[in-house]
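Structure assessment
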Amino acid sequence: MRCLNCGTEMMNNQVSTKNDLVSYDMCEKCGSLWLDKGELDRMAFQVEGSIEYCSQDAVEELEKQKRKCPRCDNSNLYRVRFLNSTDIILYHCRDCGGFWLDGGELDLIDKELAKIMPVSGKGFSDFVNNVHVPYWYKRIKRKSSETDTQVQVLPIKGAKLERTTADQCPGCGKPLDEYTVFSMRFEGCPACKGIWLFKDELRRLKNKVEHGSMRWLNDEINNIEKTSTVATKRVCPKCKNVKMVSVLFGKSSIVIDWCPQCQGMWLDQDGFDSVTEYLKHELYSMHSKEMEKKALDEVKLVWSGGPESRYEELLDVRATISALINATIFEHPTLVRLCMGAPRL
Ligand SMILES: [Zn+2]
Ligand SMILES: [Zn+2]
Ligand SMILES: [Zn+2]
Ligand SMILES: [Zn+2]
């Protein structure tokens, strides 16, 4: 693993503490850290519960250059608000759950934990003062390259690979694989992680979830009529010689490619996650408590999860699929006309 800041080969530290075995990768030049999922919790063992909660709302990215996860084969790191309410903004991988901390950010978290946790001053203090800096504990230190692992990422989290297909990825041209998730069949690209959703699959699922139709989402979906479609050079993986058109999802800037012939849809990598993020944001931005309650009631009909569950846990893959199913834009006659009339490139 090379440092995302300065390119230096990182060092892996494996430390046996009184309580646990902590493993972390560190850049000895600039002090940056890579922490796999669970490592932050292990470091803050004095704090009860998990501290790896962060707002998944991607923070506006000012930097042009995106950072890639050092573990996953093609995943971006997102800027997230750590512990949700704080000003600490870290890089986080949604696929493997790891965190990238620039030099000094560990201290920021430590200070924040000391402020908000009942065990004042006990956040990372043991780790920062006794484990990390002096070498009091048994430690194995070696080049990160000796301990690096690769995480194979599926186009949709939790999906199951069924078989390979002869269909071509509209994004990168590689053959698509077939997957299933929550009894839905879809094709995805193992290389660029885009996903193809069949209209029939969506219709089938729509019948299942009809009773919880998430009407609160339909208002903005209706706006699609005012949205213009854009012709693309991308070819439908099913119809082979039909070019797809781009449409925007709701009022967002998320682009979905859509085939006017078979009415399947293509989402680029992170498109699916972006839709989830967008829906979550819409849910959060509902000010009226009444609306919020109504929305949550509808969500509960579709999702599993107890009444005590947080929105974050409810708004998972199933939520997004349901929203896409309810995106009647894909069956809208006006849109079809627009699309059919769109100039082909
Ligand atoms: Zn560095
Ligand atoms: Zn990752
Ligand atoms: Zn691809
Ligand atoms: Zn098609």
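All values reported here derive from a predicted model rather than from experimental measurement. (Residues numbered from 1 in each chain as written. Chains lettered and ligands numbered in written order. Predicted model: local features only at pLDDT ≥ 70, side-chain atom pairs only at ≥ 80, totals over all residues. Heavy atoms only, no water.)

1. Regarding the overall build of the protein chain
- Per the secondary structure count, the protein chain includes 10 helices and 16 strands.
- Evaluated residue by residue, the protein chain yields a buried proportion of 52% over its 345 residues.
- In the protein chain, once contacts between residues fewer than 6 apart in sequence are set aside, the share between residues at least 24 apart is 55%. (Helix = DSSP H or I, 4+ residues; strand = E, 2+ residues; numbered from the N terminus. Buried < 20%, exposed > 50% of the residue type's maximum accessible area, 1.4 Å probe, protein only. Contact = heavy atoms within 4.5 Å.)

2. A word on the coordination of the zinc ion (ligand 3)
- Around the zinc ion (ligand 3), the protein contributes the donor atoms Cys169 (SG), Cys172 (SG), Cys189 (SG) and Cys192 (SG), at 2.2 to 2.3 Å from the metal centre.
- Coordination geometry of the zinc ion (ligand 3): the four donor atoms subtend angles of 103 to 121 degrees at the metal centre, consistent with an arrangement described as tetrahedral.
- One chain supplies every donor to the zinc ion (ligand 3), and in sequence these donors are spaced C-x2-C-x16-C-x2-C. Of the two residues, cysteine 169 sits in the loop between strand 9 (160-168) and strand 10 (175-181) while cysteine 192 sits in the loop between strand 11 (184-188) and strand 12 (195-197), which places them 23 residues apart along the sequence. (Donors = N, O, S within 2.8 Å, 3.2 Å for Na, K, Ca; no water. Tetrahedral: all angles 85-135°; square planar, octahedral: opposite > 155°, others 65-115°.)

3. Some details on the coordination of the zinc ion (ligand 4)
- Donor atoms from the polypeptide that bind the zinc ion (ligand 4) are Cys236 (SG), Cys239 (SG), Cys259 (SG) and Cys262 (SG), placed at 2.2 to 2.3 Å.
- Around the zinc ion (ligand 4) sit four donor atoms, and with donor-metal-donor angles ranging over 106 to 116 degrees the site reads as tetrahedral.

4. Examining the pairing of strand 11
- Taken across its five residues, strand 11 has four buried, putting it largely inside the fold.
- Inspection of the sheet shows strand 10 paired to strand 11 by five bridges, in the antiparallel sense. Of the residues in strand 11, the one forming a bridge with threonine 180 is arginine 185.
- As paired elements, strand 11 and strand 12 share three bridges and run antiparallel to each other. The residue of strand 12 that forms the bridge with glycine 188 is isoleucine 195.
- Turn length for the strand 11-strand 12 hairpin, with the two strands adjacent in sequence and antiparallel, is six residues, and the turn residue lysine 193 shows positive phi of about 70 degrees. (Pairing = 2+ DSSP bridges.)

5. Overview of the packing of aromatic side chains
- In total, this model carries one aromatic pair according to the counting rule given.
- Measuring from centroid to centroid gives 5.4 Å for tyrosine 179 and phenylalanine 186, while their planes differ by 20 degrees, and the two rings are stacked.
- Classification of phenylalanine 186 as buried rests on a relative accessible area of 0%.
- The aromatic ring of tyrosine 91 is capped on one face by arginine 79, whose charged end is 4.3 Å from the ring centroid.
- Lying over the aromatic face of phenylalanine 198, arginine 185 brings its terminal NZ or CZ to 4.5 Å of the ring centre. (Phe/Tyr/Trp six-rings, centres within 6.5 Å; stacked < 30°, edge-to-face > 60°. Lys NZ or Arg CZ within 6 Å of the ring centre and 35° of its normal.)

6. With respect to unusual backbone geometry
- The backbone phi angle of lysine 193 is positive, close to 70 degrees, even though this residue is not glycine.
- In this fold, lysine 193 is placed in the loop between strand 11 and strand 12.
- Residue lysine 193 is classed as buried on the basis of its relative accessible area of 5%.
- A positive phi is found at lysine 240, a non-glycine position, where the angle reads about 65 degrees.
- The residue lysine 240 is located in the loop between strand 13 (230-235) and strand 14 (243-248) in this model.

7. With respect to the pattern of salt bridges
- Scanning the entire structure with this criterion turns up 16 salt bridges.
- The salt bridge partner of arginine 71 is aspartate 148, with a shortest N-O separation of 3.5 Å. Of the two residues, arginine 71 is situated in the loop between strand 4 (54-55) and strand 5 (77-82) and aspartate 148 in the loop between strand 8 (138-143) and strand 9; the sequence distance between them amounts to 77 residues.
- Taking the relative accessible area as the measure of exposure, arginine 71 reaches 4% and is therefore buried.
- Taking the relative accessible area as the measure of exposure, aspartate 148 reaches 30% and is therefore partly exposed. (Salt bridge = Lys/Arg side-chain N within 4 Å of Asp/Glu carboxyl O.)

8. Notes on the environment of lysine 138
- Structurally, the position occupied by lysine 138 is in strand 8.
- Each C-alpha atom of the pair lysine 138 and glutamine 14 lies 8.3 Å from the other, and the pair is 124 residues apart in sequence.
- Setting aside chain neighbours within four positions, we find lysine 138 in contact with Gln14, Val15 and Ser16.

9. Concerning the sheet that holds strand 16 (residues 265-267)
- With antiparallel pairing, the eight strands of this open sheet are ordered in space as 9-10-11-12-16-15-14-13. Strand pairing shows two members of the sheet lacking a second neighbour, strand 9 and strand 13, which therefore form its edges. Strand after strand, the sheet turns through a mean of 35 degrees between neighbouring axes, direction not considered. (Axes fitted to C-alpha atoms, helices over the stretch in contact; angles between N-to-C directions.)

10. Thoughts on the nonpolar core
- Membership of the largest hydrophobic core comes to 19 residues, with the highest contact counts inside it found for Tyr24, Leu40, Phe82, Leu101 and Ile109.
- The next biggest cluster of nonpolar side chains, apart from the first, holds 17 residues, and it includes Ala159, Val181, Phe186 and Phe272. (Core = buried A, V, L, I, M, F, W, Y, C linked by side-chain atoms within 4.5 Å.)

11. Topic: the side chain of asparagine 13
- With respect to the helices and strands, the residue asparagine 13 is situated in strand 1 (residues 11-16).
- There is a polar contact of 3.4 Å between the side chain of asparagine 13 and the backbone oxygen of methionine 11. (Polar contact = N/O pair within 3.5 Å; in protein donor to acceptor, adjacent residues only side chain to side chain.)

12. Some thoughts on the environment of lysine 233
- Locating lysine 233 in the fold gives a position in strand 13.
- A relative accessible area of 66% means that lysine 233 is categorised as exposed.
- When the C-alpha positions of lysine 233 and lysine 243 are compared, they lie 6.2 Å apart, and in sequence the two are 10 residues distant.

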